[in-house]
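# Structure assessment
The primary structure of each chain is shown beneath.
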Amino acid sequence: MKKVFLTFVLALFSMVSFAQTAWKVDPMHSSVNFNIKHMGISFVQGRFDKFDGKVATAADNLNNAEFSFSVDVNSINTGVEMRDKHLKSADFFDAEKFPAMTFESGAITKEKNNTYLLKGKLTIKDVTKEISVPVTFGGVTKNQQGKEVMGFQTTFKVNRLDYNIKYDPTGAGVAKDVDVNLYFELVKQ
């Protein structure tokens, strides 16, 4: 009987010590932005207005965290309706056929200070590729409602041609590389 009880206590301790805390993206305090060179002389900036995501952590940091994010491609917003419509077409995102972009984490490695290197799979259209992105961890605090919130950001480049976004493959009019800037605040669940 003592062995059964001891086994139960050890199993319970193991579950508690590896328990994950769930965090959900607060869309009011987060943004998914991009910027791409146009005609080699200027930039077009935009954002996606609808996105969702969650992070699971074992502590109040990003060590061993698991990330899962999705972006609604139809929510693209460059401030020009005609351009947004074109970006949703088969020339670019083909939003009718591929309505979401997703990211699923693989591993995260602590670098120095409050920075990490996050590896995972980015899916755009019908292509999934492994990427590595730097993440700056902002920390954990309480918001105005007394709920715990976590913040982090990342900036990285994506070659759009790698994801079958083949419009203007020379990159003369629309550059090949897209600068992506993500700012997330998540609420503890």
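Up top is the structure these notes are about.
Structural notes, computed from the coordinates. (Residues numbered from 1 in each chain as written. Predicted model: local features only at pLDDT ≥ 70, side-chain atom pairs only at ≥ 80, totals over all residues. Heavy atoms only, no water.)

### Describing the overall build of the protein chain
For clarity, the threshold we go by: Labels follow the DSSP assignment, with helices taken as runs of H or I lasting at least four residues and strands as runs of E lasting at least two, numbered in each case from the N terminus. Two residues form a contact once any of their heavy atoms are found within 4.5 Å. In these tables, accessible area is a Shrake-Rupley quantity obtained with a 1.4 Å probe, and a residue counts as shielded only by the protein chains included in the view. Positive charge is attributed to Lys and Arg, negative charge to Asp and Glu, and no charge count is given to His or to the chain ends. Working definition for charges: the position is that of NZ of Lys, CZ of Arg, CG of Asp or CD of Glu.
Counting its regular elements, the protein chain contains 2 helices and 11 strands. Going from the N terminus to the C terminus, the protein chain shows its helices and strands as α-β-β-β-β-β-β-α-β-β-β-β-β. Counting only C-alpha atoms and orienting by the principal axes, one finds that the protein chain spans roughly 75 × 35 × 35 Å. Within the protein chain, counting contacts between residues at least 6 apart in sequence, those at least 24 apart form 54% of the total. Roughly 11,600 Å² of accessible area belongs to the protein chain as shown, and the carbon and sulfur atoms make up 57% of that amount. Averaging the locations of the 24 positively and 21 negatively charged side chains of the protein chain gives two centres separated by 5 Å.

### Concerning the pairing of strand S8 (residues 115–124)
Selection criterion: Strand pairing follows a simple DSSP-based rule, namely that at least 2 bridges must link the two strands.
Taken together, the 8 bridges between strand S7 (residues 100–110) and S8 define a ladder with antiparallel strand orientation. The residue bridging Phe103 from the neighbouring strand is Leu122, located in S8. Between the antiparallel neighbours S7 and S8 lie 4 residues, among them Asn113 with a positive phi of about 50 degrees. As paired strands, S8 and strand S9 (residues 127–142) are joined by 10 bridges and run antiparallel to one another. Directly across from Gly120, in S9, lies its bridge partner Ile131. Hairpin connection from S8 to S9: 2 residues lie between these consecutive antiparallel strands, with Lys125 at a positive phi of about 55 degrees.

### Remarks on the nonpolar core
As a reminder of what qualifies: For the purposes of this section, nonpolar cores are sets of buried Ala, Val, Leu, Ile, Met, Phe, Trp, Tyr and Cys residues that join through side-chain atoms within 4.5 Å. Note on classification: 1.4 Å probe, protein chains only; a residue is buried when its accessible area is under 20% of the maximum for its type, exposed when over 50%, partly exposed between these limits.
Counting residues in hydrophobic clusters, the biggest one holds 45 residues, and the most contacted among them are Leu62, Phe67, Phe93, Phe152 and Phe184. The biggest single contributor to this core is strand S11 (residues 174–188), with 7 residues. If we skip the residues at most four places from it in the chain, Phe152 touches Val55, Leu62, Phe67, Phe69, Val135, Thr136, Phe137, Gly138, Leu182, Tyr183, Phe184 and Leu186.

### Quick word on unusual backbone geometry
Both trends apply: most residues other than glycine have a negative phi, and most peptide bonds are in trans. Of note, Asn164 is a non-glycine position whose phi angle comes to about 60 degrees, a positive value. Relative to the elements of secondary structure, Asn164 occurs in the loop between strand S10 (148–159) and S11. Note on Asn164: relative accessible area 30%, which makes it partly exposed. Here the phi dihedral of Asp168 falls at roughly 50 degrees; this positive angle occurs in a residue that is not glycine.

### Quick look at the layout of surface pockets
Keep this limit in mind: Cavity means a closed set of points on a 1 Å grid over the protein atoms alone, one where a 1.4 Å probe fits but cannot get out, pocket means an open set with protein on both sides within 12 Å along at least 5 of 7 lines, and lining means a residue has an atom within 4 Å of a point. Grid points are joined across faces, edges and corners, and a volume is the space filled by probe spheres set on the points. Charged means Asp, Glu, Lys or Arg here, nonpolar means Ala, Val, Leu, Ile, Met, Phe, Trp, Tyr, Cys or Pro, and polar covers whatever is left, Gly included.
Here the largest pocket is characterised by a volume of approximately 860 Å³. Of the residues forming the lining of the largest pocket, the biggest block, 6 residues, is contributed by strand S2 (residues 31–38). Here the residues of the lining of the largest pocket sort into 32 nonpolar, 7 polar and 5 charged.

### Notes on the pairing of S10
Across 6 bridges, S9 lies against S10 in antiparallel orientation. Looking at S10, one finds that Lys142 is bridged to Glu148. Of the pairings in the sheet, the one linking S10 to S11 comprises 11 bridges and is antiparallel in character. Pairing of Phe152 across the sheet is with Phe184, part of S11.

### Concerning the pattern of salt bridges
Selection rule: The term salt bridge refers to a pairing of a side-chain nitrogen on Lys or Arg with a carboxyl oxygen on Asp or Glu at a separation within 4 Å.
All told, the structure shown has 4 salt bridges when counted by the stated rule. Notably, a salt bridge pairs Asp52 with Lys24, separated by 2.7 Å at the nearest N-O pair. Of this pair, Asp52 sits in strand S4 (residues 51–57) while Lys24 sits in strand S1 (residues 21–25), placing them 28 residues apart in sequence. A salt bridge links Lys157 to Asp179, with the nearest nitrogen and oxygen atoms 2.5 Å apart. Placement of the pair is Lys157 in strand S10 and Asp179 in strand S11, with a sequence separation of 22 residues. Since its relative accessible area comes to 55%, Lys157 is described here as exposed.

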